[in-house]
Amino acid sequence: DAGVDILLLETMNSIAETEAALIAMEKFNLPVWASFVLNDPYHLLSGDSIIDTLKVIKHFSVDCVMLNCNPLDKTLLAVDSIVDNWGGLWGVYPNLGVGEPSHDGKIVNFEEMNDYISIMKKIIKKGPFILGACCGSSTNHIDELIKLRNKL
């Protein structure tokens, strides 16, 4: 009633928590987007495989699947699992910290803009619906992403 347009499940890290959230959200009859954080390019943080996760959420009304808060290299490698096994809208917004996130959440070393754009260029060629950046990004990253998207 407040004007919500989309329900976003962000940084989901297991099949069980995703399924529980999707069951709870069914009553709202709104578009649902689900975004996942990864342990490696093929598994969620919990160890559940991306492919198994996609099989489970296909039984729900999920309108878009995304990967968020994952390092650039891991995001790029994981995209093929989404493209090959989802068939619907998808997107990415990677973490721009170098390597894995620290336990305290502080980012000390950041990916260079050229590395971000290079990886995103490869991802754009695979046909995402959503593109962005997560931790460690700025409006400059989004500006460069828009320029890149307009060129392709």
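Residues numbered from 1 in each chain as written. Predicted model: local features only at pLDDT ≥ 70, side-chain atom pairs only at ≥ 80, totals over all residues. Heavy atoms only, no water.

Asks: Explain the pairing of strand β2 (residues 32–36) here, please?
Replies: Every other side chain in a regular strand lies on the same face of the sheet, so the side chains alternate between the two faces. Burial analysis of β2 places five of its five residues in the buried class, which makes it a mostly covered element. Burial of the side chains of β2 extends over both faces: V32, A34 and F36 are buried on one face and W33 and S35 on the other. Two strands pair when backbone bridges link them, and strand β1 (residues 7–12) and β2 are joined in this way by four bridges, in the parallel orientation. Bridged to M12 within β2 is F36. This β-α-β element, β1 to helix α1 (residues 15–25) to β2, shows right-handed connectivity. Judged from the four bridges that link them, β2 and strand β5 (residues 64–68) form a sheet pairing that is parallel. (Buried < 20%, exposed > 50% of the residue type's maximum accessible area, 1.4 Å probe, protein only. Helix = DSSP H or I, 4+ residues; strand = E, 2+ residues; numbered from the N terminus. Pairing = 2+ DSSP bridges. Right-handed = clockwise from strand over helix to strand, strands pointing away.)

Asks: Before we go on, may I ask you to explain a positive patch on the surface in this structure?
Replies: Judged by side-chain charge, K121, K122, K125 and K151 come together as a positively charged surface patch. Mapped onto the secondary structure, K151 falls in helix α5 (residues 139–151). The exposed category is assigned to K151, whose relative accessible area is 71%. (Patch = residues over 30% accessible without salt bridge, like charges linked within 9 Å, V, L, I, M, F, W, Y side chains within 5 Å. Areas by Shrake-Rupley, 256 points an atom, 1.4 Å probe, with all protein chains shown as cover. Salt bridge = Lys/Arg side-chain N within 4 Å of Asp/Glu carboxyl O. Lys, Arg positive; Asp, Glu negative; His and termini not counted. Charge placed at Lys NZ, Arg CZ, Asp CG, Glu CD.)

Asks: Mind showing me how you'd approach the side chain of S35 here?
Replies: Here S35 lies in strand β2. Looking at S35, its side chain comes within polar contact range of the side chain of Y93, at 3.5 Å. If sequence neighbours within four positions are ignored, S35 has contacts with L9, E10, T11, M12, M66, L67, N68 and Y93. (Polar contact = N/O pair within 3.5 Å; in protein donor to acceptor, adjacent residues only side chain to side chain. Contact = heavy atoms within 4.5 Å.)

Asks: What is the right way to look at unusual backbone geometry in this model?
Replies: The phi torsion of most residues other than glycine is negative, and most of the peptide bonds are trans. Of note, N29 is a non-glycine position whose phi angle comes to about 50°, a positive value. Relative to the helices and strands, N29 resides in the loop between α1 and β2. The exposure class of N29 is exposed, given its relative accessible area of 73%.

Asks: Quick question: what am I supposed to make of helix α4 (residues 113–124) here?
Replies: The α-helix winds at 3.6 residues per turn, so residues separated by three or four positions along the chain end up facing the same way. Over its 12 residues, α4 extends 16 Å from the first C-alpha to the last, a length consistent with the 16 Å expected when each residue adds 1.5 Å. For α4, every residue scored as buried is listed here: Y116, I117, I119, M120, I123 and I124. Down the axis, α4 shows its buried residues gathered within 165° of arc, on one side only. (Expected span 1.5 Å × (residues − 1). Arc of directions from axis to C-beta.)

Asks: Help me out: how do you make sense of the environment of L152 in this one?
Replies: Along the chain, L152 turns up in the segment after α5. Sequence separation between L152 and K122 is 30 residues, and the spatial gap between their C-alpha atoms is 11 Å. When sequence neighbours within four positions are dropped, the list of residues in contact with L152 reads K121 and I124.

What is shown is where atoms sit, not what they do.
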